[in-house]
Amino acid sequence: MKTFLSIMLLIILASVGLTQELDSLKNQSVYQRAWDTAMLDDKITSEERALMDILVESLMLSVDSSQIWESRWGFTLPQPLDQTGRWPLVLQNIVIGAGLYGWGIPYVLHADDFRWYTGGVMVSMGSAFYLTYQYTKKREISHSRTQMMRYGSLLGLRYGLGINEIFELDGGSEYDERKTAWAWMLMASVPAGHYGGEYLFKRYNPSNGQAWVWTMWTGVAGVTARSLYNAINPAPEYLDSYYPYDNRQWDRYYAEEADWEKQRTVIELLAYPLGAYAGYQLSKDKQYSFGDALMLFQGWNFGYFNTMMFQSIFVEDDGDEVFFLVNSLGAIGSVLAYDKWIGADDFSFGQATLMLLGSASGTAF
């Protein structure tokens with residue numbers, strides 16, 4: 001009798017185990033069919049990922065099991081490169097090539113004939129397209145990566161202009177004895193900024209929305225730093241036309257003005273890394289869509305405009321630089337308010353544009 005009961009117990013346990021194994025195979029088969037359907041375009045979108053997660057819960061699968069299956073099934077699948085941001089990068093470099101190197105290279109080579117400038121622009125456009133095409137041919141070029149490289153290039157150009165101003169690398173008074181260091185500086189600063197932006201992308205891997213928010217705060221820091229410097233340290237008082245003609249007075253004024261502008265440029269250039277750091281800290285733990293980033297851009301612009309309007313109503317503006325500083329601070333407060341407002345939403349490009357049109361129409365009305 002005991003032997004019979006033991007046999008029956010083993011049969012029941014085996015049946016249960018066999019049933020569980022069959023259920024597991026069935027669930028795996030269902031999940032694999034869903035996986036194969038989602039992978040028809042060789043990628044998993046965010047919507048498909050959400051549906052797959054729901055399927056895991058409905059089939060009562062473990063997350064570990066689903067991940068193991070996916071890694072096994074997806075191992076031999078081709079992984080297409082994300083090159084959605086390739087065309088903006090190519091276009092950007094064509095514009096920079098034609099606008100900076102097209103005239104910069106003939107200038108530093110003292111090729112003064114206008115035909116050299118025309119030819120330089122033509123050759124630079126073609127070269128920029130070919131080199132960028134080859135550079136991006138087998139690389140991941142997402143919109144976020146392009147944005148970091150684009151803004152890095154522009155910021156590099158700003159540093160080049162600032163260094164030229166600080167060290168007075170501009171051209172000489174005589175055309176035939178002109179200096180070319182300033183042009184070399186500009187042409188070197190753009191690729192340096194480009195690779196700086198790419199380095200930051202590789203290290204922190206921001207999403208497209210995060211990249212735009214990050215770079216926005218970098219620019220905001222520069223604008224605010226200039227306003228703060230102007231308010232704390234006003235420009236030297238201009239000598240009007242009624243001032244008695246005295247070369248020494250005018251030389252002193254021009255020297256003071258040049259020193260004042262150099263100091264302001266140094267403060268601005270130091271502010272950009274601080275803005276980049278602040279932007280990273282504010283955006284690293286948040287999920288921003290591209291539309292969210294556009295909303296924050298709107299927040300800054302409308303904040304600046306509305307603060308200026310309020311000051312125009314309640315404060316008599318006589319050109320005081322404090323007026324512009326308050327505008328900048330109001331714009332920053334508006335960005336932070338917008339950030340809280342859109343925290344629970346993911347705006348699309350169309351939705352953000354619609355909000356912009358509505359806000360602009362309301363302001364105009």
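Along each chain, numbering runs from 1 in the same order as the chain's sequence is written. Local features in a predicted model are, by the rule used here, given only for residues with pLDDT of at least 70; side-chain atom pairs are given and counted only at 80 or more, and totals for whole chains, interfaces and linings are based on all residues. The basis for every side-chain value is the complete set of non-hydrogen atoms in the structure, without hydrogens or water.

Looking now at a nonpolar patch on the surface. The patches reported here contain residues having more than 30% relative accessible area and no salt bridge. Joining distances are 9 Å for like charges and 5 Å for nonpolar side chains (Val, Leu, Ile, Met, Phe, Trp, Tyr). Only the protein chains shown count as covering a residue, and every accessible area follows the Shrake-Rupley method with a 1.4 Å probe. Criterion for a salt bridge: a side-chain nitrogen of Lys or Arg within 4 Å of a carboxyl oxygen of Asp or Glu. Judged by side-chain polarity, Phe129, Tyr130, Leu131 and Tyr133 come together as a nonpolar surface patch covering roughly 440 Å² of accessible area. Burial here depends on accessible area, computed with a 1.4 Å probe over protein chains only, as a share of the maximum for the residue type. Under 20% is buried, over 50% is exposed, and the range in between is partly exposed. Note on Leu131: relative accessible area 56%, which makes it exposed.

In this analysis an axis means a line fitted to C-alpha atoms, helices contributing only their contacting stretch, and an angle means the value between N-to-C directions, from 0 to 180 degrees. In this text, helices come from DSSP runs of H or I with a minimum length of four residues, and strands from runs of E with a minimum of two, each type numbered from the N-terminal end. Put simply, helix α4 (residues 86–108) and helix α6 (residues 143–166) touch, their axes get as near as 8 Å, and they point 20° apart. Comparing the axis directions of α4 and α6 gives the class roughly parallel. In this structure, α4 crosses over α6, and the sense of that crossing is left-handed. Every residue of α6 that contacts α4 at Arg86, Trp87, Pro88, Leu89, Gln92 and Ile96 is listed here: His143, Thr146, Met149, Arg150 and Ser153. By definition in this entry, angles of less than 35 degrees are roughly parallel, angles greater than 145 are roughly antiparallel, angles of 65 to 115 are roughly perpendicular, and the rest are oblique. By convention, the crossing between two helices is left-handed when the near helix turns anticlockwise from the far helix through less than a right angle, and right-handed when the turn is clockwise. Residues count as neighbours in contact if any of their non-hydrogen atoms are within 4.5 Å of one another.

Now for the pattern of salt bridges. Overall, the coordinates contain 6 salt bridges when judged by the stated rule. Put simply, Glu198 and Arg145 hold a salt bridge, and the shortest N to O gap is 2.4 Å. Of this pair, Glu198 sits in helix α7 (residues 181–204) while Arg145 is found in helix α6, placing the two residues 53 residues apart along the sequence. Taken individually, Glu198 and Arg145 each receive the classification buried, so the pair is uniform in this respect. Its salt-bridge partner being Glu268, residue Arg226 comes within 2.8 Å of it at the nearest N-O pair. Placement of Arg226 in helix α8 (residues 208–232) and of Glu268 in helix α9 (residues 247–283) is noted, with a sequence separation of 42 residues between them. Judged by relative accessible area, which is 26%, Arg226 ranks as partly exposed. Residues joined by salt bridges that share partners form a network here, namely Arg158, Arg226 and Glu268.

For any two aromatic rings, the description comes down to two numbers: the centre-to-centre distance and the angle of the planes. Working definition: a ring pair exists when centres of Phe, Tyr or Trp rings (six-membered ring for Trp) sit within 6.5 Å. Plane angles under 30 degrees give stacked, over 60 give edge-to-face, the rest tilted. On inspection of all chains with the given rule, the structure shows 18 aromatic pairs. For the pair Trp212 and Phe290, a centre-to-centre distance of 5.4 Å together with 65° between the ring planes defines the contact as edge-to-face. Here the residue Trp212 occupies a position in helix α8, and Phe290 occupies one in helix α10 (residues 290–314), the gap between them amounting to 78 residues. Looking at Phe290, the relative accessible area reads 27%, which means it is partly exposed. Joined through ring pairs, the aromatic side chains of Trp212, Phe290, Phe297 and Phe349 make up one cluster. Over the ring of Tyr133 we find Arg86, and its NZ or CZ is 4.4 Å from the ring centre. Look at NZ for Lys and CZ for Arg. If either is within 6 Å of the ring centre and within 35 degrees of the ring normal, a charge sits over the ring.

In this section: the nonpolar core. Of all hydrophobic cores here, the largest spans 18 residues; its most connected members are Val213, Met216, Trp217, Val220, Met295, Leu296 and Val335. Setting aside residues no more than four positions away along its own chain, Met295 makes contact with Tyr338, Trp341, Ile342, Phe347, Ala352 and Met355. Residues Leu100, Trp182, Ala183 and Val190 belong to the second largest nonpolar core, which totals 10 residues. The definition of a nonpolar core used throughout is a set of buried Ala, Val, Leu, Ile, Met, Phe, Trp, Tyr and Cys residues joined through side-chain atoms within 4.5 Å.

What follows concerns unusual backbone geometry. Backbone geometry places His110, a non-glycine residue, at a positive phi of 60°. One can find His110 in the loop between α4 and α5 (114–136). Judged by relative accessible area, which is 41%, His110 ranks as partly exposed. Of note, the phi angle at Glu168 is positive, near 55°, even though the residue is not glycine. Tracing the backbone shows Glu168 in the loop between α6 and α7.

Time to look at the environment of Lys43. Tracing the sequence through the fold places Lys43 in the loop between α1 (2–38) and α2 (46–58). Taking the relative accessible area as the measure of exposure, Lys43 reaches 47% and is therefore partly exposed. Residues Lys43 and Pro80, 37 residues apart in the sequence, show an inter-C-alpha distance of 7.9 Å.

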